[in-house]
Structure formats: C-alpha cells, structure tokens
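Working through the structure, step by step
So you can see what is in the structure, the chains are spelled out below.
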Amino acid sequence: MSYVLSEEQQFLKDSARDLFKMSPVAKVRELRDGKDAHGYNTALWDQMVEMGHPGLLVSEKGGGLAFGMRALGVVMEESGKSLSASPLLTVAVSAAVIEKHGGEAHAALVSQICEKGTIVGIGIQEGGFYNTSKVELTASAEGDGFVLSGKKNMIVDGHVADHFLISAKTEEGVTAFLVDASEAGVTKEKAFMMDSRFYTDVSFENVKVAGAAIVGSKGKGNKVVQDITNMTNALLSIELVGMSAEALDRTVAYLKERQQFDKVIGTFQALQHRAADLYGEIEIARSLAIRSLDTLDEDNFMAPAICSMAKAKSIKVAQLATNEGVQMFGGIGMTDDEEIGFFLKRARVASQLFGGRAYHVDRFAKMNGY
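Being a predicted model, the structure only gives us computed values, none of them experimental.

**Looking at the side chain of Asp157**
The residue Asp157 is located in the loop between strand 3 (145–156) and strand 4 (163–170) in this model. Summary of buried charges: Asp157 has no salt-bridge partner, and the nearest side chain of opposite charge, Arg197, is 6.8 Å away. Setting aside residues no more than four positions away along its own chain, Asp157 makes contact with Ser86, Pro87, Thr90, Ile119 and Phe198.

Right under this line is the structure:
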C-alpha cells in the first residue's frame, strides 16, 4: 500500500479541495437555518456532476471515469474536511453496483447517473439499526413482475431520489431491485438529523415492478448488499478521517491563540500530549481507510474484513477527535457560535450510516472465526 497519490489522484484532490471552498462549514449553518428543502448545496452538486464525480467508479464504457475507490476516497476525505453535503456517496456507489450486477439491462440508468447526476437512494436497512440479515420487505411474483410490500429506513438522500436500489425477500431468497421513486405506492417520510441532513424512511405498498427491475439474479441479492456495505463503509471511513483531521487542525489553531493565566494554552504540556496522541490515532485510522479502499480496487478477498476494521477504527477516532475539539475549545465549543460542534454532529451520524461500530466489530469477528 502506498500513501503517495498518482498524478491523476493528486489532481483530483487539488480540484476537490478548491471545489469544496464554495461550500465551507458555514454553508451547513446556512442550509440548516434556511430550512433548505434539499439539505445540500445544489450548486455544488451540479459542479460535482460536471466534473464527473458520480462516475468515478464506473467504467469508461459505462460512461464513467474508471478512477477507482482510492480516487473517490480522495474526494470523500476533502468533503469530510468541509462537511460538504452532497448525494455523492450513494450515487457513486449505486452506479458502480448497478453496473457490476445489473449489466446491460440497466446500462442506460448508469449512464444517466454519470452524465446527469441522477440520484439513486440505497435502501437496505430495516428498523433503527443496520442489519443486512434482516430483510422483511417482500417481493411477491405476479405475472412477469413483482409486487413489493414493506419499508426501508434511513435512506441517505432518499427525499430527492429518482430511483431506489433496495433488497427484498423473494421465494429464491434476497433479491435486489431498482424501483422508480414515482411508482404508485411509494411514499417518503424524511427526517432532519443532527448533522443538518435529511434521511428518509420509504414505504412500498403493493408497488408493482417489472421483472427487469431485478439487479443481478433472483436470490443473489446478498452479493449486492455486501458490495454496498463494503464500499459505503470504506468511503465513510475516509470521510470520517477527513473530519477528524480538520477538527484537530482547528483545535490546534485555537490552542495557539487562546490565553489563560497570561499564557497561551497551547504551551500546557497536558494539552500538547492530548493533541499528539490524537494525531497518531488519526494517522492509524487514515492508513486503515486507505487500505480498505485499495483492497476494493484490488478485489482482495480480505476487503470485507478490512472495510469493517477501517469503519470501526475511524468511528472511534472521529468520536475522540470531535470530543477533544469541543472540550479544548472550552465552554464556547458547546455553543452554536463555534463550528467545531458541527464536526461532532456529523461524525455521530456518519458513524451510524451503513453500520455502527458494534456492527462492524461483530462483522469482523465473525469473519475471523471469533
């Protein structure tokens, strides 16, 4: 594994850093206070689509850039530093998964995602906690198609999704389906979470879909679900690392200017040790996150375990980094006047998306025979 970025990846990193300057942390406050219906900067998303970000994982034949997970991770890390909200995570992952498992049957949709930024919400969670083995939404055969009944929870960007990629229970086993969000019987209920973003519960009440809506094969949906789990968590890991690094940078900058007892508090050895320990933890988390991205690019058989390892570690480090930031800022860090609190809130929600720390520790343990 190399920490050195290729020329293309470095260019992508620099362009992403410049791009996210148009959506600083202050934009999170603006979107929240303005009660924006999207919950993300639409102008920023349009720019990301124009730059080809939704198709970073898609082959050139499919209309994408074929840059790979490591390249997309570079963008996600930069977005974590600015807390920039966009549909990139689920759009990029769904495009790659649909291309891999859906083949020519869904090639047109993959092309639309890459070229137009068509939003696909991923619905594989049922209930309050992520558990891929829990699939109660049913897909009953009816003629040449299916009738879907059930509910999916905590769908990222589901309120603006044009399509849903969901898992359902058929006679053959778990099967993945693509469902048009405008189909009769599809209802959305969005919730505004502490990170100032929307998450949606979607109900499917006797929703009729054609047999062509299947992604992959009947009864083979667990392969789709596991690919989604691995990819989203590798990307969330590097996003959490970006948040943690930025939280540390902001905290260190504050330590260098805040005075107490006529001394800059950054000269206090106890605070120096805490900052140094946090720096080391962030670098460990970064190395694991990068390794998880690389294993997916390599199609390494260890990828699922490493992705869970990276997510578990990045969650713990992000919690430490944001807690330390708020504490070292002191009382003002607890108020809405300081932006450090936005990092804590986003880290808490991102940590739970597609499985929290307990889920991934358990997943890693089971894979290793514990």
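**As for helix 7 (residues 221–255)**
End to end, helix 7 covers 50 Å across 35 residues, agreeing with the expected 51 Å (1.5 Å per residue, within 8%). The element helix 7 is largely enclosed, with a buried count of 28 among its 35 residues.

**Describing the nonpolar core**
Counting residues in hydrophobic clusters, the biggest one holds 98 residues, and the most contacted among them are Leu148, Phe164, Phe177, Val179, Phe204 and Phe354. Among the elements that line this core, the one with the most residues is helix 7, at 13 residues. If near-sequence neighbours (up to four positions away) are discounted, Phe354 is found in contact with Leu89, Thr90, Ile122, Ile124, Tyr130, Val156, Ile228, Thr232, Asn233, Leu236, Lys311 and His360. Counting 5 residues, the second-largest nonpolar core is a separate cluster that includes Tyr254, Val326, Phe329 and Ile340.

**Overview of the environment of Glu183**
Along the chain, Glu183 turns up in the loop between strand 5 (173–180) and strand 6 (186–192). On a C-alpha basis, the gap between Glu183 and Ala16 in space is 36 Å, while along the polypeptide they are 167 residues apart. The residues touching Glu183, leaving out its near neighbours within four places in the chain, are Val207 and Lys208.

**Remarks on the packing of helix 8 (residues 269–298) against helix 9 (residues 303–329)**
A pair of packed helices is captured by two measures, namely the crossing angle of their axes and the spacing between those axes. At a minimum axis distance of 8 Å, the contact between helix 8 and helix 9 shows a crossing angle of 155°. Compared by their axis directions, helix 8 and helix 9 come out roughly antiparallel. Every pair of crossing elements has a handedness; the one defined by helix 8 and helix 9 is left-handed. Of the residues in the contact of helix 8 with helix 9, the class split is 18 nonpolar, 4 polar and 5 charged.

**Structural notes on the environment of Gly219**
Structurally, Gly219 is set in the loop between strand 8 (214–215) and helix 7. A C-alpha to C-alpha distance of 22 Å links Gly219 and Glu205, two positions 14 residues apart in sequence. Excluding residues within four positions of it along the chain, Gly219 makes contact with Thr170, Glu172, Gly173, Val174 and Thr175.

**Section: the side chain of Gln125**
Among the structural elements, Gln125 can be located in the loop between strand 1 (120–123) and strand 2 (138–142). At 3.1 Å, the side chain of Gln125 forms a polar contact with the backbone oxygen of Gly127. Each residue touching Gln125, except ones within four places of it in the same chain, is listed here: Tyr130, Lys152, Asn153 and Met154.

**A short note on the pattern of salt bridges**
Under the counting rule described, the total for this entry stands at 25 salt bridges. Arg250 is the partner of Glu339 in a salt bridge, and the nearest nitrogen-oxygen pair spans 2.8 Å. Taken as a pair, Glu339 in the loop between helix 9 and helix 10 (340–352) and Arg250 in helix 7 lie far apart in primary sequence, 89 residues in all. Of the residues examined, Arg250 reaches a relative accessible area of 25% and is grouped as partly exposed. The partner of Glu324 in a salt bridge is Arg274, with the nearest N and O atoms 2.6 Å apart. Residue Glu324 is located in helix 9, and its partner Arg274 is located in helix 8; the two are separated by 50 residues in the primary sequence. Take Glu324: its relative accessible area is 10%, and that puts it in the buried class.

**Some remarks on unusual backbone geometry**
The phi dihedral of Lys35 falls on the positive side, at around 50°, and the residue is not glycine. The residue Lys35 is located in the loop between helix 2 (25–33) and helix 3 (42–50) in this model. Here Asp299, not a glycine, exhibits a phi torsion of approximately 55°, which is positive. Turning to its location among the elements, Asp299 is positioned in the loop between helix 8 and helix 9.

**Here's the deal with the pairing of strand 3**
Inspection of the sheet shows strand 2 paired to strand 3 by 5 bridges, in the antiparallel sense. When the sheet's bridge partners are listed, Ser140 is paired in strand 3 with Val147. Between strand 2 and strand 3, which pair antiparallel one after the other, the connecting turn spans 2 residues, and Gly143 there sits at a positive phi close to 65°. Pairing of strand 3 with strand 7 (residues 198–210), which is carried by 9 bridges, proceeds in the antiparallel orientation. Opposite Lys152, over in strand 7, you have Val202 as the bridge partner.

Conventions used here
- Residues numbered from 1 in each chain as written.
- Predicted model: local features only at pLDDT ≥ 70, side-chain atom pairs only at ≥ 80, totals over all residues.
- Heavy atoms only, no water.
- Helix = DSSP H or I, 4+ residues; strand = E, 2+ residues; numbered from the N terminus.
- Buried < 20%, exposed > 50% of the residue type's maximum accessible area, 1.4 Å probe, protein only.
- Lys, Arg positive; Asp, Glu negative; His and termini not counted.
- Salt bridge = Lys/Arg side-chain N within 4 Å of Asp/Glu carboxyl O.
- Contact = heavy atoms within 4.5 Å.
- Expected span 1.5 Å × (residues − 1).
- Core = buried A, V, L, I, M, F, W, Y, C linked by side-chain atoms within 4.5 Å.
- Axes fitted to C-alpha atoms, helices over the stretch in contact; angles between N-to-C directions.
- Parallel < 35°, antiparallel > 145°, perpendicular 65-115°, else oblique.
- Left-handed = near helix turned anticlockwise from the far one by under 90°.
- Nonpolar A, V, L, I, M, F, W, Y, C, P; charged D, E, K, R; others polar.
- Polar contact = N/O pair within 3.5 Å; in protein donor to acceptor, adjacent residues only side chain to side chain.
- Pairing = 2+ DSSP bridges.

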